[in-house]
Amino acid sequence: QVQLVESGGGLVQAGGSLRLSCAASGRTVSTYPMSWFRQAPGKEREFVAVISVSGATTVYADSVKGRFIISRDNAKNTVYLQMNSLKPEDTAVYYCAAKYTFRDVTVVVAYEYWGQGTQVTVSS
């Protein structure tokens, strides 16, 4: 069993930056692809970014490409999301997720483990 705990959310002005962290416990996630999703009020949860086990492969949603960077430190069992040039439309609860394989990585129901989420609010 894997427990995921996100941190680093908060309130930031448009154009600012935040760094989210996702710490795993219970079992190492070094063999799992790891992702970030987000859910804005009244909207469905959407894919943000995924990183492969080695970190060599990353995929981003078009809406964040060029602004967000996903990374991982397998020794610390932690995944990060560096968010730059934030926009009000980035406001959402951000979730960390883990799955067994690098297939269907943008599909919410394909993930085995989820964190509780961290709120990110971007003011205009």
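The present account deals with the structure reproduced in this document. What you see is a predicted model, and the numbers here were worked out from it, not measured in a lab.

## Observations concerning the pattern of salt bridges
Here's step 1: Taken as a whole and assessed by the stated rule, the structure comprises four salt bridges.
Here's step 2: Arg38 serves as the salt-bridge partner of Glu46, at 2.6 Å between the closest nitrogen and oxygen.
Here's step 3: Residue Lys65 pairs with Asp62 through a salt bridge whose shortest N-O separation is 3.0 Å. Assigned by exposure class, Lys65 and Asp62 land together as exposed.
Here's step 4: Linked by salt bridges that have partners in common, Arg38, Glu46, Arg67 and Asp90 make up one network.

## Some points on the packing of aromatic side chains
Here's step 1: Throughout the structure, instances matching the rule amount to eight aromatic pairs.
Here's step 2: Aromatic side chains Tyr32 and Tyr113 sit 6.2 Å apart centroid to centroid with 10° between the ring planes, which places their arrangement in the stacked category. Taken as a pair, Tyr32 in the loop between strand E3 (18–25) and strand E4 (34–39) and Tyr113 in strand E10 (residues 113–114) lie far apart in primary sequence, 81 residues in all. The exposure classification of Tyr32 matches that of Tyr113, with both residues buried.
Here's step 3: Through successive ring pairs, a cluster of aromatic residues spans Phe37, Phe47, Tyr95, Tyr111 and Trp114.
Here's step 4: Taking NZ or CZ as reference, Arg19 lies 4.0 Å from the ring centre of Tyr80, over its face.
Here's step 5: For Arg45, the ring lying beneath its charged end belongs to Tyr95, and the centroid distance is 3.7 Å.

Quick notes on the rules
Residues numbered from 1 in each chain as written. Predicted model: local features only at pLDDT ≥ 70, side-chain atom pairs only at ≥ 80, totals over all residues. Heavy atoms only, no water. Salt bridge = Lys/Arg side-chain N within 4 Å of Asp/Glu carboxyl O. Buried < 20%, exposed > 50% of the residue type's maximum accessible area, 1.4 Å probe, protein only. Phe/Tyr/Trp six-rings, centres within 6.5 Å; stacked < 30°, edge-to-face > 60°. Helix = DSSP H or I, 4+ residues; strand = E, 2+ residues; numbered from the N terminus. Lys NZ or Arg CZ within 6 Å of the ring centre and 35° of its normal.

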